[in-house]
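Fold and contact review
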Amino acid sequence: MIFAAIVAGGVGSRMNISAMPKQFLPLGNKPIIIYTLEKFLLSEKLDYIYIGVHSSWISHMKELLDEFNIDKSRIRISQGGADRNSTIFNIIADIEKEFGESDEHIIVTHDSVRPFVTLRMIDENIEAAIKYGACNTVIPEVDTIVVSEDGNIISDMPDRSKIYHSQTPQSFNINLLKRLYNALSDEERLTLTDACKICFIGGVEVKLLKGDASNMKITTVGDYNIAKAIACLLYTSPSPRDRSVSR
């Protein structure tokens, strides 16, 4: 089976513009996370979509699903963890509790605050995860990159043709990801912030897939302002609150 894991367990501490986590902030006439969820609902290849939410905001997430008339037949809500990876593995635990373990299970992980993900990216992730076991959405670096060991003097200038920005979705065979994660030391688990690095450390090749510069992660106030401008360009016509999103 094919599952999506929308990671929304954070509390948005870097935004400092609202007590509300950034994934619930408005983008046009809908919260950021609703835009993200609607993109995943477009994929008929997904059997179920899990949303990992901080325990304090689970009830709010459920209210949003009702407010925006989201078809909940394929949606599950899981409790978020202390960090991104723990949220993903909380979702995996919920998947296996309901559907059991299987070597065929695939999980498509995505940041809730990347609302401009496309159906192409989602479906290509599914296909690549089935074929390769692990994949990462990326965009090539266009600027010159400098490395500094001390923050004052350039230590290295790597060839930018070999440098990519990692985005999400990142997708995996669930049993493969579990095996690699269980092989990590406690220290490695605490320092890893990216699921693809679990594969890298474990010596498993990760297939690169084409992302897009618009598939931005809303992390700072500046990002939020850019996202609002993009939303105005992409979604010029009003989207009534009673519009439902279904399979």
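This write-up is about the structure you can find in this document.

Criteria and thresholds
Residues numbered from 1 in each chain as written. Predicted model: local features only at pLDDT ≥ 70, side-chain atom pairs only at ≥ 80, totals over all residues. Heavy atoms only, no water. Helix = DSSP H or I, 4+ residues; strand = E, 2+ residues; numbered from the N terminus. Buried < 20%, exposed > 50% of the residue type's maximum accessible area, 1.4 Å probe, protein only. Contact = heavy atoms within 4.5 Å. Areas by Shrake-Rupley, 256 points an atom, 1.4 Å probe, with all protein chains shown as cover. Lys, Arg positive; Asp, Glu negative; His and termini not counted. Charge placed at Lys NZ, Arg CZ, Asp CG, Glu CD. Pairing = 2+ DSSP bridges. Axes fitted to C-alpha atoms, helices over the stretch in contact; angles between N-to-C directions. Left-handed = near helix turned anticlockwise from the far one by under 90°. Nonpolar A, V, L, I, M, F, W, Y, C, P; charged D, E, K, R; others polar. Phe/Tyr/Trp six-rings, centres within 6.5 Å; stacked < 30°, edge-to-face > 60°. Polar contact = N/O pair within 3.5 Å; in protein donor to acceptor, adjacent residues only side chain to side chain. Expected span 1.5 Å × (residues − 1). Salt bridge = Lys/Arg side-chain N within 4 Å of Asp/Glu carboxyl O.

A short note on the overall build of the protein chain
Looking only at helices and strands, one finds 8 helices and 9 strands in the protein chain. Structurally, the protein chain occupies a C-alpha span of about 55 × 40 × 30 Å along its principal axes. Split into buried and exposed, the 247 residues of the protein chain put 47% on the buried side. Long-range pairs, those at least 24 residues apart, make up 76% of the contacts in the protein chain with a sequence separation of at least 6. On the protein chain, roughly 12,400 Å² of surface is accessible, and the fraction owed to carbon and sulfur atoms is 52%. Side chains of the protein chain carry 27 positive and 32 negative charges; the gap between the two charge centres is 4 Å.

Section: the sheet that holds strand β7 (residues 134-140)
Reading across from one edge, β5-β4-β1-β6-β8-β7-β9 is the order of the 7 strands in this open sheet, with mixed pairing throughout. Both edges of this open sheet fall to β5 (75-79) and β9 (207-210), since each of them pairs with a single strand only. Averaged over all pairs of adjacent strands, the angle between their axes in this sheet comes to 30°, without regard to strand direction. Pairing between strand β1 (residues 2-8) and strand β4 (residues 48-53): 6 bridges, direction parallel. When the sheet's bridge partners are listed, I6 is paired in β4 with I51. Across the sheet, helix α3 (residues 84-99) is in contact with β1, β4, β5, β6 (106-111) and β8 (164-173); its angle to β4 comes to roughly 135°.

Regarding the packing of helix α1 (residues 32-41) against helix α2 (residues 58-67)
Two elements in contact, α1 and α2, have axes separated by 11 Å at closest approach and are oriented at 65°. The interaxial crossing formed by α1 with α2 has right-handed handedness. Each of I33, I34 and L37 in α1 lies in contact with α2, whose residues at this interface are M61, L64 and L65. In terms of residue class, the contact of α1 with α2 is built from 6 nonpolar, no polar and no charged.

Structural notes on the packing of aromatic side chains
By the definition in use, this model includes 6 aromatic pairs. With centroids separated by 6.5 Å and ring planes inclined at 20°, the aromatic side chains of F3 and Y48 adopt a geometry described as stacked. In this pair, F3 is assigned in strand β1 and Y48 in strand β4, connecting sequence segments 45 residues apart. Judged on exposure class, the residue F3 and its partner Y48 are both buried. Centroid distance F24 to W57: 5.5 Å. Interplanar angle 25°. Geometry classified as stacked. Taken together, the residues F24 in the loop between β1 and β2 (26-27) and W57 in the loop between β4 and α2 connect sequence positions 33 residues apart. A relative accessible area of 4% places F24 in the buried class.

Looking at the environment of S112
Within the secondary structure, S112 sits in the loop between β6 and α4 (119-132). Residue classification places S112 among the buried positions, given a relative accessible area of 2%. As for S112 and F24, which are separated by 88 residues in sequence, their C-alpha atoms are 9.3 Å apart. Apart from residues lying up to four places away in sequence, S112 is in contact with I6, V7, A8, Q23, I32, I33 and T36. Of note is the side chain of S112, whose polar atom sits 3.0 Å from the backbone oxygen of V7.

What about α4?
In an α-helix, one full turn covers 3.6 residues, which means residues spaced three or four apart are oriented alike. Compared with an ideal rise of 1.5 Å per residue, which puts 14 residues at 20 Å, α4 spans 20 Å between its outermost C-alpha atoms and is within 8% of the ideal. The secondary structure elements touched by the buried residues of α4 are β1, α1, β6, β7, β8 and β9. Count one or two residues on from α4 and you reach G133, which has phi positive near 95°.

What about the side chain of N85?
Within the secondary structure, N85 is located in helix α3. By relative accessible area, N85 is classed as buried at 3%. Reaching out from N85, the side chain makes a polar contact with the backbone oxygen of L192 at a distance of 3.3 Å.

Side note on the pattern of salt bridges
Pairs can form between side chains of opposite charge whenever their charged atoms are close. Summed over the entire model, instances satisfying the criterion amount to 9 salt bridges. Here K30 makes a salt bridge to E38, at a shortest N to O gap of 2.8 Å. The exposure classification of K30 matches that of E38, with both residues buried. Residue K45 pairs with E127 through a salt bridge whose shortest N-O separation is 2.5 Å. Of this pair, K45 sits in the loop between α1 and β4 while E127 sits in helix α4, and the two are 82 residues apart along the sequence. A single salt-bridge network, built from bridges that share partners, covers R84, D111 and R114.

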